[in-house]
Amino acid sequence: RRLALELHDSVAQQMRYVSILAEKISDEELKKEIKSNQSECIENLRNTCYALSSINMDKGNFPAILQNSIENFQKRTKISTSLVITPDVDFEQLSKISFNHLYRVIMELLVNIEKHSGAREVTVLIRRPSGSDKIKQGIMVFISDDGDGLDSKTLEEMNSKTIASVKNMHFGLQNIKLRLNEIGGTIKFVSEKGEGTEVEIGIEK
């Protein structure tokens, strides 16, 4: 939490000052490029600060916190985003650390959709495992979008156990897989080029 505050109050403020200084540049194209890059850096830093901050989350407030974050995501990105939690979901099975990691994973995946998919609609579905799922207890999370989809090579990389950092989203994906490994979770990407993407997450504890 202290690190997040330091980043917000020092680095972020200095970056905003650079954007102000850019106004003095006479080259309009260069000025526009600097301000665009600065805005992206500030947004990334803001997301990092938020991720570093501690959220006191458990089975009682997880749905409400997630719903609020999804609504904020929708307002910021203009991507129509809905959360569906089926009535039979048993959150009692999960530990507090599972809720925290799962929340971070979902939000990271939404950011990836925003940056890379070109999607207009996203659905986050949380339900109990069924007979066809790999896990038999816990919860399943499905994040579906109507975006550009993934080519077969990228899909293979994202579903592999080791991720090469050759694209911007792969570093985030490494963090996602590390978080899921911490709680014994699984993740699978299902996609075709031009047909959107669905992410399947299984959490047992």
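Up top is the structure.
Now for a quick tour of the structure. Source: prediction; values computed, not measured.

Attention shifts here to the overall build of the protein chain. For the protein chain, the count of helices and strands is six helices and five strands. Each helix (α) and strand (β) of the protein chain, taken in turn from the N terminus, gives the series α-α-α-β-α-β-β-α-α-β-β. Pairs at least 24 residues apart make up 64% of the contacts formed inside the protein chain by residues separated by at least 6 positions. A total accessible area of about 12000 Å² is found for the protein chain, and carbon and sulfur atoms account for 51% of it.

What follows covers the packing of helix α3 (residues 62-77) against helix α4 (residues 96-116). Contact geometry for α3 and α4: axes closest at 11 Å, N-to-C directions at 15 degrees. Our classification of the angle between α3 and α4 gives roughly parallel. Considering the relative orientation of α3 and α4, their crossing is right-handed. Residue-level contacts link F62, I65, L66, S69, I70, F73, R76 and T77 of α3 to F99, L102, Y103, I106, M107, L110, V111 and E114 of α4. Residue composition of the contact of α3 with α4, by class: twelve nonpolar, two polar and two charged.

Calculation notes
Residues numbered from 1 in each chain as written. Predicted model: local features only at pLDDT ≥ 70, side-chain atom pairs only at ≥ 80, totals over all residues. Heavy atoms only, no water. Helix = DSSP H or I, 4+ residues; strand = E, 2+ residues; numbered from the N terminus. Contact = heavy atoms within 4.5 Å. Areas by Shrake-Rupley, 256 points an atom, 1.4 Å probe, with all protein chains shown as cover. Axes fitted to C-alpha atoms, helices over the stretch in contact; angles between N-to-C directions. Parallel < 35°, antiparallel > 145°, perpendicular 65-115°, else oblique. Left-handed = near helix turned anticlockwise from the far one by under 90°. Nonpolar A, V, L, I, M, F, W, Y, C, P; charged D, E, K, R; others polar.

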